[in-house]
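What follows is each chain in one-letter form.
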Amino acid sequence: MPVKRILRLLFWLVAGLMTGTTCLPAQVQANYEEEKVPAFALPDPLRNGDGLMINDSNEWVHSRRPELLQLFEREVYGKLPDETLTPDYTLLENGIALGGKAVRKQIRLTFENNGRRLDLLLLVYLPAGMDKAPVFVGLNFYGNQTITADPAVLLTTSWVPNNKTFGIEANQATETSRGVRISRWPLEKIIDAGYGLATMYYGDIDPDRDDFTDGVHPLFYRDGQTRPDADEWGAIGAWAWGLMRIMDYLQQDSAIDADRIVLMGHSRLGKAALWAGAQDRRYAIVISNDSGCGGAALSRRKFGETVQIINTAFPHWFCSHFKDYNDRENDLPVDQHELIALVAPRPVYITSAQEDQWADPKGEYLSGWYASPVYALFGLQGLESATPPAVNDPVMHDIGYHMRTGGHDVKDYDWEQFINFANHHLK
Ligand code: GTR
């Protein structure tokens, strides 16, 4: 551990002991005023660690890209395991859906290692009669059964956060939760547009709680290890790992066009989608919906949710090193525009919602703007202005963006734009 880090840890420890509080400083209030956004200088995506300028796409791909990936691994999300596990795929069920418009299959992906077993349940709908369908991939929040009223969809058996409205008590999903998230997954619209949809409950991969004894992490622990090291993957890293395993499955399914897979994620799952999409170049397009802090939003703006706030509320999401940047955003060797840039040259689409100030809409837009010089290296068109477009006025360049009216959610409007964006770049 570097000396600076040890000193910082010691400081918080002593401060905590003296004040009788925890090791973290008191929670700060979120700022929602543009005038109070601190002045900051962003790290330049086109200057590498030695201070040398990156002049062309080749230098980007071979020098700067790996360097940035390493920084995000070490300081923000943590490193994924090097070890590859070979899963078993079991087709649990398949049939006809949407009155014959679609076919449905449910596949169990089983991983075994270290005497532990992990079962991931993948739900796939494809347009009927279509050879090699392009597919949207997205994780869901409460189980596959929530995204549709289709009675054939299997209920998740994984740990689910309790939710009275969804009939989830004792952390187990029940029939009451069937279809409760239909509004976020306009399946018929997606199928009618000629795309398939593949989705999985994110809690299958790693339950969203500060507990590293469950989910995928233990499958990769070395002897005696009980939680990830400070530079190893947190929960967002685990969800990103799951997205890569979904891609592995899709690649060997002959009904699917693995060259046209679009990755979409909302909110915390938008953070995971960006991190997976940055690393895994098999994803042809990456879409971040309202991903906010630790997703598309620039950390240095400290607008709405901040690094300190997110690390306090969700201590398990990022790697432990990220906590070193609580209220010290300027010391981060990266910022989130560089995460967007890691998607290059593949198209990336960023969305915000006007009332979702917690996620810092302007900061989400600016990440795309500051990633644009990287796209320019490839002769591609990023965003054209430092000022976001008007509300409900999508930009569909190689970096795309829209700000929708309304709040933190995934609406039909968003999906219509995702489909337009995918059509524009894939068809
Ligand atoms: C919030 C969190 C956000 C976002 C959101 C969500 O509580 O502060 O960063 O991830 O949850 O995932 O819906």
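Residues numbered from 1 in each chain as written. Predicted model: local features only at pLDDT ≥ 70, side-chain atom pairs only at ≥ 80, totals over all residues. Heavy atoms only, no water.

To continue, consider the nonpolar core. Formed by 91 residues in total, the largest nonpolar core has its most connected members in Val137, Trp239 and Trp241. With twelve residues, helix H5 (residues 235–251) is the largest single contributor of residues to this core. Sequence-distant contacts of Val137, defined by excluding residues within four places in its chain, comprise Ala198, Leu243, Ile246, Leu250, Ile261, Val262, Leu263, Met264 and Tyr283. Core analysis: the second largest hydrophobic core is formed by 27 residues, Leu123, Ile147, Ile190 and Tyr195 among them. (Core = buried A, V, L, I, M, F, W, Y, C linked by side-chain atoms within 4.5 Å. Buried < 20%, exposed > 50% of the residue type's maximum accessible area, 1.4 Å probe, protein only. Helix = DSSP H or I, 4+ residues; strand = E, 2+ residues; numbered from the N terminus. Contact = heavy atoms within 4.5 Å.)

In this section: the pattern of salt bridges. Inspection of the entire model under this criterion finds 33 salt bridges. In this structure, Glu67 and Arg64 form a salt bridge, with 2.5 Å as the shortest nitrogen-oxygen distance. Residue Glu67 and its partner Arg64 are both found in helix H2 (residues 57–77); the two are separated by three residues, about one turn of the helix. By relative accessible area, which is 24% here, Glu67 ends up partly exposed. Note that Arg74 is salt-bridged to Glu75, the shortest N-O span being 2.9 Å. (Salt bridge = Lys/Arg side-chain N within 4 Å of Asp/Glu carboxyl O.)

Now for the site of the ligand. Close to the ligand lie Ser267, Arg268, Lys271, Glu305, Ile310, Phe314, Trp317, Trp358 and His408. Here an oxygen atom of the ligand and a side-chain polar atom of Ser267 are 2.7 Å apart. When isolated, the ligand has an accessible area of 310 Å², and the protein chains bury 80% of it. Its residues placed into classes, the shell around the ligand shows four nonpolar, two polar and three charged. (Near = heavy atom within 4 Å. Polar contact = N/O pair within 3.5 Å; in protein donor to acceptor, adjacent residues only side chain to side chain. Areas by Shrake-Rupley, 256 points an atom, 1.4 Å probe, with all protein chains shown as cover. Nonpolar A, V, L, I, M, F, W, Y, C, P; charged D, E, K, R; others polar.)

Taken over all residues, the pLDDT of the protein has a mean of 95, while the share at 70 or more is 94%. The model gives residues 11–26 a pLDDT under 50, and that stretch makes nine contacts with residues more than four places away or in other chains. (pLDDT = per-residue confidence, 0-100.)

Moving on to the pairing of strand E7 (residues 285–289). In terms of residue burial, E7 counts as a mostly covered element, since five of its five residues are buried. Bridge count for strand E6 (residues 256–266) against E7 is five bridges, and the pairing is parallel. What sits directly across from Gly265, in E7, is Ser288. As for the winding sense of the linkage, the β-α-β connection from E6 through helix H6 (residues 268–279) to E7 is right-handed. In this structure, E7 lies alongside strand E8 (residues 348–353), joined through four bridges in parallel fashion. (Pairing = 2+ DSSP bridges. Right-handed = clockwise from strand over helix to strand, strands pointing away.)

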